[in-house]
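Residue-level listing of the chains:
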Amino acid sequence: MIRRHIPLTLALILLASPALADDYLAFHSPSGNIQCAISTGDYAQVRCDMSALTPTYRTAPPDCEFDWGSSFAVDAGGPGYLGCVSDAVADPRGLELGYGKSITLGPFTCTSEKSGMECSNLGGHGFKLSKAKQRLF
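For clarity, every value in this text was computed on a predicted model and none was experimentally measured.

Engineer: Residues and numbers for the sheet that holds strand β2 (residues 34-39), please.
Structural biologist: Strand pairing in a sheet relies on backbone hydrogen bonds. The paired strands run either parallel or antiparallel. One open sheet holds the six strands; their spatial order is β5-β4-β3-β2-β1-β6, and the pairing between them is mixed. Since the sheet does not close on itself, it has two edges, and those belong to β5 (81-85) and β6 (95-96), each with one partner. Two elements, strand β3 (residues 45-50) and strand β4 (residues 67-75), share five bridges in a ladder whose sense is antiparallel. Bridged to D49 within β4 is S71.

In structure tokens:
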């Protein structure tokens with residue numbers, strides 16, 4: 001995946017237009033506890049990692065040999081799932097998604113609230129994250 005860092009002005013233009021073939025957008029909650037990235041194209045996915053949380057899920061994903069429990073993802077189709085990751089999506093140049101604001105790129109929408117972050121695909125599947133509880137749907 002080609003990683004592009006999109007300036008705020010360009011990100012706003014992208015949000016108002018159809019997604020390009022291979023877009024990438026990094027963002028985070030105002031607290032910085034939830035770091036996310038949306039990618040479109042062949043590997044369309046939104047993923048959010050949490051720095052601090054009380055884990056809701058206590059069983060590793062099947063065949064997971066990496067870190068799990070604080071990373072959550074949803075692909076363009078299908079339900080949200082617990083990530084098994086060996087990297088992080090945190091990007092210090094990512095956009096701050098203010099409370100009460102949403103961002104849409106390709107088939108994904110994420111909304112930041114004081115109570116946490118919710119991301120979903122066009123099928124209505126995704127995840128809702130807060131420090132106290134995480135939910136996949």
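Engineer: With reference to specific residues and values, describe unusual backbone geometry.
Structural biologist: Unusually for a residue other than glycine, D63 sits at a positive phi of about 60 degrees. With respect to the helices and strands, the residue D63 is situated in the loop between β3 and β4.

Engineer: Go over the pattern of salt bridges with me, naming the residues and quoting the values.
Structural biologist: A complete count under the given rule lists four salt bridges for this structure. With its nearest N and O atoms 2.9 Å apart, the salt bridge here joins D49 to R47. Exposure class is identical for D49 and R47. Each is buried. Between K128 and E118 there is a salt bridge, and its shortest N-O distance comes to 3.9 Å. Taken together, the positions of K128 in strand β10 (residues 126-129) and E118 in strand β9 (residues 116-120) put the pair ten residues apart, joining distant regions of the chain. A relative accessible area of 30% places E118 in the partly exposed class. In the salt-bridge network here, residues are joined through shared partners; they are R47, D49 and D87.

Engineer: Could you give an account of the sheet that holds strand β7 (residues 101-105), with specific residues and numbers?
Structural biologist: Across the sheet, which stays open at both edges, the five strands sit in the order β7-β8-β9-β10-β11 with antiparallel pairing between neighbours. Taken across any chain shown, the strands that pair with only one partner, and hence form the sheet edges, are β7 and β11 (134-136). Across the sheet, the mean angle separating the axes of adjacent strands is 10 degrees when strand polarity is ignored. With three bridges connecting them, β10 and β11 associate as antiparallel partners. Paired with K128 across the bridge in β11 is R135.

Engineer: Break down the environment of C36 for me, citing the residues and quoting the values.
Structural biologist: Counting through the fold element by element, C36 comes out in strand β2. Judged by its relative accessible area of 0%, C36 falls in the buried class. Remark: the alpha-carbon pair of C36 and C48, spanning twelve residues in sequence, is separated by 4.0 Å. Apart from residues lying up to four places away in sequence, C36 is in contact with L25, A26, F27, R47, C48, V89 and M117.

About the criteria used
- Residues numbered from 1 in each chain as written.
- Predicted model: local features only at pLDDT ≥ 70, side-chain atom pairs only at ≥ 80, totals over all residues.
- Heavy atoms only, no water.
- Pairing = 2+ DSSP bridges.
- Helix = DSSP H or I, 4+ residues; strand = E, 2+ residues; numbered from the N terminus.
- Salt bridge = Lys/Arg side-chain N within 4 Å of Asp/Glu carboxyl O.
- Buried < 20%, exposed > 50% of the residue type's maximum accessible area, 1.4 Å probe, protein only.
- Axes fitted to C-alpha atoms, helices over the stretch in contact; angles between N-to-C directions.
- Contact = heavy atoms within 4.5 Å.

Purely spatial values, then, with no claim about function.
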